[in-house]
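Spelled out, the chains give:
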Amino acid sequence: DQLTSYRAWLQYNPINQQDYREEIMHLLSTICVKDRNEVIDRALDELSFGLDQMIGYKPAVVRNEEDRSMLIIMIDPTYKAEMYTINLNSEKSMLRGGSSRAILYGVFHLLRLIQQQSKLTGLSIKEVPKNAIRMINQWDDMNGSVERGYAGESIFYKDYQFSKDRQRIYDYARLLSSVGINAITINNVNVHQIESKLITDTYLAEVKQTSDIFNQFGITLFLSINYAAPIEIGGLDSADPLDPKVRAFWKDIAQHVYEVVPNLGGFLVKADSENRPGPFTYGRNHAEGANMLAEAMEPYGGKVIWRCFVYNCKQDWRDRTTDRARAAYDHFMPLDGSFNDNVVLQIKNGPMDFQVREPVSPLIGGLEKTNQFLEFQIAQEYLGQQRHLVYLIPQWKEVLEFDTFAKGEGTTVKQIVSGDVFDNNISGIVAVSNIGNDYNWTGHTIAQLNLYGYGRLIWNPDLTAEEIALEWIKQTFGNHPTVIKLLMEIVMPSWETYENYTSPLGIGWMVNVNHHYGPNIDGYEYMAWGTYHFADRNGLGVDRTQETGTGYTSQYHQENQSLYEQVETCPDELLLFFHHVPYTHKLKSGKTVIQHIYDTHFQGVEQVQSMMEKWEALSSFMDAKRHQDVQERLNHQLENAKEWRDIINTYFYRKSGIADRHNRTIY
Ligand code: GCW
């Protein structure tokens with residue numbers, strides 16, 4: 001039963017339908033491959049394993065074309081590196097890829113279709129990923145813990161050593177490549193003392209071993225580095241990017257790192273952010289900091305990924321002029337165009353921090369002359385910490401479809417981050433991982449869908465959330481119509497459900513301090529982190545307008561600027577992010593803000609109840625372990641949702657003195 005959970009979406013369950021089995025055996029009886037290397041070997045292993053599990057045979061693998069039906073697999077140098085085509089018919093079938101990595105993706109594609117029992121004869125597809133770099137960030141520390149990890153301990157480290165369980169890393173690499181991930185950082189962006197030594201001989205040999213595992217699956221390894229490494233490990237008294245000694249330090253480091261780990265992708269840096277060191281200490285800006293590293297990495301083709309999550313985390317809550325939402329744009333827009341070619345800025349999807357609802361960061365669409373990555377968080381830090389069932393793809397879809405108007409109407413986020421709009425030489429999407437050493441990887445079994453969906457979505461942002469959920473359900477839980485129907489009804493509304501019983505109308509936060517779990521409306525209200533709701537007896541929300549507020553709205557292009565600036569046009573779901581309004585303010589829905597708060601909070605809990613009923617009805621369709629695990633979490637989710645409902649409703653009832661129109665219980 002544990003194995004079922006561990007296999008995630010690569011279940012490869014036996015297929016009983018005789019004519020389908022015959023179709024596959026006929027199409028894929030013999031595989032002809034001329035090119036061989038370790039990546040293609042992984043592809044062939046996978047194909048053999050998958051076919052053996054599902055259909056009960058292993059295909060013959062030959063090197064030369066023979067006169068019988070077969071699948072020919074070949075690298076086609078005229079293709080783009082990650083492009084592949086698959087053409088299947090009963091005479092001769094072809095899988096061509098622009099590289100061995102593309103062939104691996106093609107094989108996973110075939111297996112994905114077979115798991116769903118899709119018809120293969122006559123299949124003709126062409127796939128090119130929309131985003132060149134498709135990355136995962138692990139927030140793993142070498143003591144074995146995972147920052148914001150909700151699925152056990154690190155699979156990479158234990159007690160300040162690399163984990164001995166290499167198989168687990170191998171299996172992770174395989175899962176990631178099955179959905180097209182091609183890059184990973186293996187240590188937390190908060191690089192502590194010991195982890196600062198990952199770029200030294202203390203650990204480099206094991207970094208290389210880990211890199212080799214990922215490389216077999218077409219995944220490039222990156223490291224997070226400590227900006228103050230010249231001091232921490234170099235014995236210097238400064239990390240000033242313009243200091244020649246500091247520059248020499250990084251050149252030596254880069255040279256040595258690439259000697260030992262020639263395939264390293266580069267470094268990821270969190271600087272001047274949440275107490276991490278950075279160039280500000282020396283009166284330098286972030287372009288000076290990033291470019292210094294970029295020069296050191298350049299001879300080896302190394303990249304420097306530089307995070308834009310830079311804000312004042314020591315602000316005085318009394319200070320109404322500082323607005324954390326403004327920070328990334330204010331810091332980085334003036335530097336647009338001053339970063340080296342091998343630098344890429346990593347921008348969180350929203351201006352605050354992975355809340356249930358935020359507008360899109362105005363830096364995306366702002367920057368025109370700088371490489372950029374979009375950053376999502378698969379780990380559900382603010383979305384129920386993998387104890388609540390929340391399908392995240394619908395949220396990310398909204399981000400990707402958002403129109404920035406950067407080059408007129410239709411300049412969507414997905415176009416910009418793919419590099420197409422501003423012709424960037426590095427582009428892509430990255431996300432914080434949600435896995436750990438739990439036997440099912442993600443703690444909540446349904447959270448596997450978010451990892452799966454992330455890979456699929458960034459490969460092809462035109463896929464719908466429904467399409468992604470559907471293919472995941474079929475692979476993970478099978479094809480039975482009841483399973484599909486109920487699971488779709490469970491996952492599709494789950495983000496909205498979570499939003500309903502937590503923080504309303506885009507205001508965010510209202511969580512307990514530090515661990516960020518569970519309701520605490522004033523938890524951060526009088527703290528230094530810049531995350532306030534400003535509720536009083538009349539109303540709530542943050543005024544971020546130009547007219548009377550912090551001026552944040554001016555960071556958007558004209559169309560969005562005026563959309564958000566006016567209360568009348570600001571979308572309901574973001575109203576309190578942009579405006580401070582009275583409880584009696586009427587939303588576009590016709591309800592007052594206070595009634596909306598009551599209604600959504602009662603409704604959210606009911607939606608969890610209905611989710612539980614649907615899950616209950618699924619018990620005979622899967623192994624007991626998976627069913628029970630999710631059920632236990634749903635029980636907890638319901639309790640926690642009630643806690644949210646009652647605390648939020650009570651708080652705002654007491655503040656406003658306005659009764660619920662339907663006289664439901666408020667304490
Ligand atoms: O969301 C916040 C988290 C921190 C995290 C930080 C970041 C890794 O609470 O734990 O640190 O963001 O993204 O750097």
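Use the structure listed above.
Note that this is a predicted model, so its numbers are computed, not measured. (Residues numbered from 1 in each chain as written. Predicted model: local features only at pLDDT ≥ 70, side-chain atom pairs only at ≥ 80, totals over all residues. Heavy atoms only, no water.)

Participant: So what exactly am I meant to see when it comes to the overall build of the chain here?
Facilitator: For the chain, the helix and strand inventory stands at 20 helices and 18 strands. For 667 residues, the compact-globule formula gives about 26 Å, and the C-alpha radius of gyration of the chain, at 26 Å, lands near that figure. A principal-axis box enclosing the C-alpha atoms of the chain has dimensions of 80 × 65 × 50 Å. For the chain, contacts bridging at least 24 residues in sequence account for 71% of all contacts bridging at least 6. (Helix = DSSP H or I, 4+ residues; strand = E, 2+ residues; numbered from the N terminus. Rg over C-alpha atoms; globule rule 2.2 N^0.38 Å. Contact = heavy atoms within 4.5 Å.)

Participant: Quick question: what am I supposed to make of the sheet that holds strand β5 (residues 92-97) here?
Facilitator: Strand pairing within a sheet occurs via backbone hydrogen bonds; the two strands may be parallel or antiparallel. Taking strand neighbours across the sheet as the criterion, the six strands line up as β2-β1-β3-β5-β4-β6 in an open arrangement whose pairing is mixed. Where the open sheet ends on each side, the last strands, each with one partner, are β2 (60-62) and β6 (124-127). For this sheet, the mean inter-axis angle between neighbouring strands, taken without regard to orientation, is 15°. Across the face of the sheet, helix α4 (residues 100-115) comes into contact with β3 (70-75), β4 (84-87), β5 and β6 while running at roughly 40° to β4. (Pairing = 2+ DSSP bridges. Axes fitted to C-alpha atoms, helices over the stretch in contact; angles between N-to-C directions.)

Participant: Hey, could you run me through the sheet that holds strand β14 (residues 343-348) in this one?
Facilitator: On the basis of which strands lie adjacent, the closed barrel formed by eight strands has the order β7-β10-β11-β12-β13-β14-β15-β16 and parallel pairing. With strand direction ignored, the average angle separating the axes of adjacent strands in the sheet is 25°. As paired strands, strand β7 (residues 133-137) and strand β10 (residues 183-185) are joined by three bridges and run parallel to one another. Bridge pairing in β10 links N137 to T185. Contacts from helix α9 (residues 286-297) reach β11 (220-225), β12 (266-269), β13 (303-307) and β14 within the one sheet, and its direction differs from that of β13 by about 160°.

Participant: Would you explain the site of the ligand in this entry?
Facilitator: In the region of the ligand, 14 residues are neighbours, and E147, K270, K348, D353 and E381 sit closest. Interatomic distance of 2.5 Å between a side-chain N/O atom of E147 and an oxygen atom of the ligand. Its residues placed into classes, the shell around the ligand shows three nonpolar, three polar and eight charged. (Near = heavy atom within 4 Å. Polar contact = N/O pair within 3.5 Å; in protein donor to acceptor, adjacent residues only side chain to side chain. Nonpolar A, V, L, I, M, F, W, Y, C, P; charged D, E, K, R; others polar.)

Participant: What is the right way to read the pairing of β14 from this model?
Facilitator: The two faces of a sheet get side chains in turn, since along a regular strand they alternate between them. The element β14 is largely enclosed, with a buried count of six among its six residues. Summarising the sheet, β13 and β14 pair through four bridges and their orientation is parallel. The residue of β14 that forms the bridge with I305 is V344. (Buried < 20%, exposed > 50% of the residue type's maximum accessible area, 1.4 Å probe, protein only.)

Participant: I keep staring at the pairing of β6 and nothing clicks. Help me out?
Facilitator: Side-chain alternation along β6 places I125 and E127 on a buried face and S124 and K126 on a face that remains uncovered. Bridge count for β4 against β6 is four bridges, and the pairing is antiparallel. By the bridge assignment for β6, N87 is matched with S124.

Participant: Sorry if this is basic, but what is going on with the environment of R42 here?
Facilitator: With respect to the secondary-structure elements, R42 resides in helix α3 (residues 38-54). It is 9.8 Å that separates the C-alpha atoms of R42 and S100, two residues lying 58 residues apart in sequence. Setting aside residues up to four positions removed in sequence, R42 forms contacts with L104, Y170, Q216 and F217. Separated by 2.9 Å, the side chains of R42 and D45 make a polar contact. Separated by 2.5 Å, the side chains of R42 and Q216 make a polar contact.

Participant: Looking at this model, I keep getting lost on empty space enclosed by the protein. Mind explaining?
Facilitator: Taking a probe equal in size to a water molecule and rolling it over the atoms shows the remaining empty space. Using the criterion set out here, one finds eight cavities of 30 Å³ or more in the structure. What the largest cavity holds in volume is close to 120 Å³. The wall of the largest cavity is formed by 14 residues, among which C308, F309, A328, P351 and M352 lie closest to the centre. At the level of elements, α10 (327-332) and β14 are the ones that each hand at least two residues to the lining of the largest cavity. It is β14 that provides the largest number of residues to the lining of the largest cavity, a total of three residues. (1 Å grid on protein atoms, 1.4 Å probe; cavity = no way out; pocket = protein on both sides within 12 Å on 5 of 7 lines; lining within 4 Å. Points joined across faces, edges and corners; volume = space filled by probe spheres on them.)

Participant: Can you help me understand the side chain of D323 in this one?
Facilitator: Following the sequence through the fold, D323 ends up in the loop between β13 and α10. Judged by relative accessible area, D323 falls into the buried class, the value being 7%. Separated by 3.0 Å, the side chains of D323 and R544 make a polar contact. Aside from chain neighbours lying at most four places away, what touches D323 is R544, T550 and Y552.

Participant: Can you help me understand the nonpolar core in this one?
Facilitator: For soluble globular proteins, nonpolar side chains are generally found buried alongside one another. Ranked by size, the top nonpolar core spans 202 residues in total, and within it Y172, F214, W250 and W306 carry the most contacts. Every residue in contact with F214, bar those within four places of it in the chain, is listed here: F156, I169, Y172, A173, L176, I184, I186, I219 and L221. I133, V189, L268 and A379 belong to the second-largest nonpolar core, a separate cluster that totals 15 residues. (Core = buried A, V, L, I, M, F, W, Y, C linked by side-chain atoms within 4.5 Å.)

Participant: Is there a simple way to think about the packing of helix α6 (residues 204-215) against helix α8 (residues 244-260) in this case?
Facilitator: The relative placement of two packed helices is expressed as an angle between their axes plus a distance between the axes. Two elements in contact, α6 and α8, have axes separated by 9 Å at closest approach and are oriented at 50°. Here α8 runs oblique to α6, going by the angle between their axes. Crossing angle aside, the handedness with which α6 passes α8 is right-handed. Contacts between α6 and α8 involve L204, A205 and K208 from the first element and H256, V257 and V260 from the second. Residue classes in the contact of α6 with α8 are distributed as four nonpolar, one polar and one charged. (Parallel < 35°, antiparallel > 145°, perpendicular 65-115°, else oblique. Left-handed = near helix turned anticlockwise from the far one by under 90°.)

Participant: Would you mind going over the packing of aromatic side chains with me for this structure?
Facilitator: Two numbers describe a pair of aromatic rings. These are the distance of the centres and the angle of the planes. Tallying each qualifying case throughout the model produces 34 aromatic pairs. When the centroid spacing of 5.3 Å and the interplanar angle of 70° are considered together, the rings of Y498 and Y501 count as edge-to-face. Of the two residues, Y498 and Y501 are both situated in helix α16 (residues 494-501); the distance of three residues between them amounts to about one turn of the helix. With relative accessibility at 0%, the residue Y501 sits in the buried group. Here a set of aromatic residues connected by ring pairs shows up, and it is made of Y6, F156, Y157, F162, Y172, Y203, F214 and W441. Between the NZ or CZ atom of R168 and the centre of the ring of W441, over which it lies, the distance is 4.0 Å. Here the guanidinium or amino end of K348 rests over the ring plane of F309, the centre of that ring lying 3.2 Å away. (Phe/Tyr/Trp six-rings, centres within 6.5 Å; stacked < 30°, edge-to-face > 60°. Lys NZ or Arg CZ within 6 Å of the ring centre and 35° of its normal.)

Participant: Teacher, can you tell me more about unusual backbone geometry here?
Facilitator: Most peptide bonds adopt trans geometry, and most residues besides glycine take a negative phi value. Positioned with a positive phi, Q385 is a non-glycine residue whose angle comes to about 50°. Within the secondary structure layout, Q385 lies in the loop between β15 (372-377) and α11 (393-401). A positive phi angle, near 55°, is found at D423, a position not held by glycine. Within the fold, D423 resides in the loop between α12 (413-417) and β16 (427-432). Among the residues examined, D423 registers a relative accessible area of 69% and is labelled exposed.

Participant: Just to check I follow, could you spell out the side chain of S656 for this structure?
Facilitator: Topologically, S656 is positioned in helix α20 (residues 624-656). A relative accessible area of 15% means that S656 is categorised as buried. Apart from the residues within four sequence positions on either side, S656 is in contact with R537, Y583, I594 and Y598.

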